[in-house]
Amino acid sequence: MITLKTFNRKELGDFISSGAFLQYDFLPITKHRALSHIQNPKASEEDTLLILAFFEEKLIGYVGCFPDYFVIDGKEIRYAWLSTLYANPEYRKKRPAKALLKKVFEEYEGKIAITEFTKEAEALYTIMGVFEYVFPKKGKRYYFKTDAAKMIPEKKPGTQPLKPLFQTLDAAANLFISIKNLSVQKPDFKYEVLDRIDKESADFMAEFSGARNADEINTFIDNPWVLEGQKDEKYLFSSFAGTFKYFWIKIFDQNNQLKACLLLLLRDGYLKIPYLFSASDLAEVVQFLNYFILTHKVKGFTSYQTRLNEVIQQSKGVSHIYERDFNREYLFHKQLLELLPNNFNPNYQDGDGDCMMT
């Protein structure tokens, strides 16, 4: 029989500080991800943040919960994102994933949301019959360098012996691309690059509606789910990367007034924009991005920022060599949807949910 153990904020802190999470064949969480969950400003003391599944005292699965809430007409509607779900395939017949999900539904009274899920997880969520697809976002991924040595062997493992050849081809192609981009100039307007959000930016952001404020975003900048270093093979989700860094960008107009702010996340050569705040045109944002991408040797950039993507497409302002369309799906439990007004739209930015942390 499967037994389940839940952890709230204090219990998760004790679990991590005692080192008890290290005793299993695989890690149910990393220390730094646990600290991020604990520091989440939207998590209450009672919220369940982690659930472990055991069979005969052996850990066989876990699920992570990331509390959040909407404020609608002055009322908080609390819910949680599923941040991780893992079940040991050796115990598939015991259905640990189903048991974990049912427990999550019980803990949060069905108020659950999910995004950035794998095809395998999506199949399970569909079978459960309690989720609906909502608020889809269309995005773009722009490529600036060739990366055949990484991408081809990943998709076709049989080509692994050809990796040195792919590396040579990448070097030649990317040298040509670099020479071609030598003409890109540093932006001629004032901008600042910070490690985190300052007060001027926070005041500017307050003029926009959104799921997260400056203090909350700073909390996750200070407590990332991913650290720079070697991956721990015992943990199966994002935990370490060669490079992982946030950049807070401020762009000013000719009168030295703040006109745009954005958060950039650079991970192993790939760039995201979790947050973008601007009521004006985005021409300078695109110009800055092009300069940043070249100076930081960005390989690819993914954006679900609709207005930004439109400007990039119209202006051809980003020097990419290839682009692809992407879709981000959101699944909401039916019990959560029942609490939301008709035609409700959360207007999620790219970093809402748990997307910002990876």
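Relevant structure appears above.
Numbering of residues begins from 1 in every chain and follows the order in which that chain's sequence is written. For this predicted model, a pLDDT threshold of at least 70 governs which residues receive local features, and a threshold of 80 or more governs which side-chain atom pairs are given and counted, while totals over whole chains, interfaces and linings are taken from all residues. Only hydrogens and water are set aside; all other atoms, that is, all heavy atoms of the structure, feed into the side-chain values.

Chemist: Provide a residue-level description of the overall build of the chain, including the pertinent values.
Modeler: Note on conventions: DSSP H or I runs of at least 4 residues are helices, E runs of at least 2 residues are strands, and numbering of each starts at the N terminus. Along its length, the chain carries 11 helices and 14 strands. Since a compact globule built from 358 residues should have a radius of gyration of about 21 Å, the 22 Å found for the chain is in line with a globular shape. Along the first, second and third principal axes, the C-alpha atoms of the chain reach 65 × 60 × 40 Å. Throughout, a residue-residue contact means that at least one pair of heavy atoms, one from each residue, lies within 4.5 Å. Put simply, 69% of the contacts in the chain that link residues at least 6 apart link residues at least 24 apart. Each accessible area is a Shrake-Rupley result for a 1.4 Å probe, and residues are judged covered by the shown protein chains and nothing else. As presented, the chain carries roughly 18,300 Å² of accessible surface, and 51% of it is formed by carbon and sulfur atoms. Taking the average place of the 47 positive charges on the side chains of the chain and the average place of its 47 negative ones, the gap between the two points comes to 6 Å. A radius of gyration in this sense is built from C-alpha atoms; the matching globule rule multiplies 2.2 Å by the number of residues raised to 0.38. Under the convention used here, Asp and Glu are negative, Lys and Arg are positive, and both His and the chain ends fall outside the count. Every charge is mapped to an atom, namely NZ of Lys, CZ of Arg, CG of Asp or CD of Glu.

Chemist: Could you give an account of the environment of N347, naming the residues involved and the relevant values?
Modeler: Topologically, N347 is positioned in the segment after α11 (334-337). We call a residue buried when its accessible area falls under 20% of the maximum for its residue type, exposed when it is over 50%, and partly exposed in between, using a 1.4 Å probe and counting protein chains only. For N347, a relative accessible area of 54% gives the class exposed. Once the C-alpha coordinates of N347 and D25 are considered, the two residues, 322 residues apart in sequence, prove to be 40 Å apart.

Chemist: Describe helix α3 (residues 96-107), naming the residues involved and giving the relevant values.
Modeler: To estimate the expected span of a helix, subtract one from its residue number and multiply by 1.5 Å. In this model, α3 (12 residues) spans 16 Å end to end at C-alpha, consistent with the 16 Å of a helix rising 1.5 Å per residue. Restricting attention to buried positions, one finds in α3 the residues P96, A97, L100, L101, K103, V104 and F105. Directly after α3, the chain includes E109, whose backbone phi takes a positive value near 50 degrees.

Chemist: Let's hear about the pattern of salt bridges: which residues, and what values?
Modeler: Salt bridges are defined as contacts in which a side-chain nitrogen from Lys or Arg sits within 4 Å of a carboxyl oxygen from Asp or Glu. Per the counting criterion, the structure on display carries 21 salt bridges. Of the charged contacts, one joins D203 and K199 as a salt bridge, the two residues approaching to 2.8 Å between their closest N and O atoms. Of this pair, D203 and K199 both sit in helix α7 (residues 199-205), four residues apart, which is roughly one turn of the helix. Exposure remark for K199: the relative accessible area of 63% places this residue in the exposed category. For K250, the salt bridge identified is with E200, shortest N-O distance 2.6 Å.

Chemist: Explain the sheet that holds strand β10 (residues 244-252) to me, and be specific about the residues and the numbers.
Modeler: The strand order across the open sheet built from 12 strands is β1-β2-β3-β4-β5-β14-β6-β13-β12-β11-β10-β7, with neighbouring strands paired in mixed fashion. Across the chains shown, the open sheet's two edge strands, defined by having one partner strand only, are β1 (2-7) and β7 (191-194). Between one strand axis and the next, the sheet turns through 25 degrees on average, direction left out of account. The sheet contact formed by strand β2 (residues 50-55) and strand β3 (residues 58-72) spans six bridges and is antiparallel. Residue pairing in the sheet places L52 in a bridge with Y62 of β3. Two strands qualify as a pair provided that DSSP identifies no fewer than 2 bridges between them. Only the stretch in contact is used when fitting a helix axis, every axis being a line fitted to C-alpha atoms; angles between N-to-C directions are given from 0 to 180 degrees.

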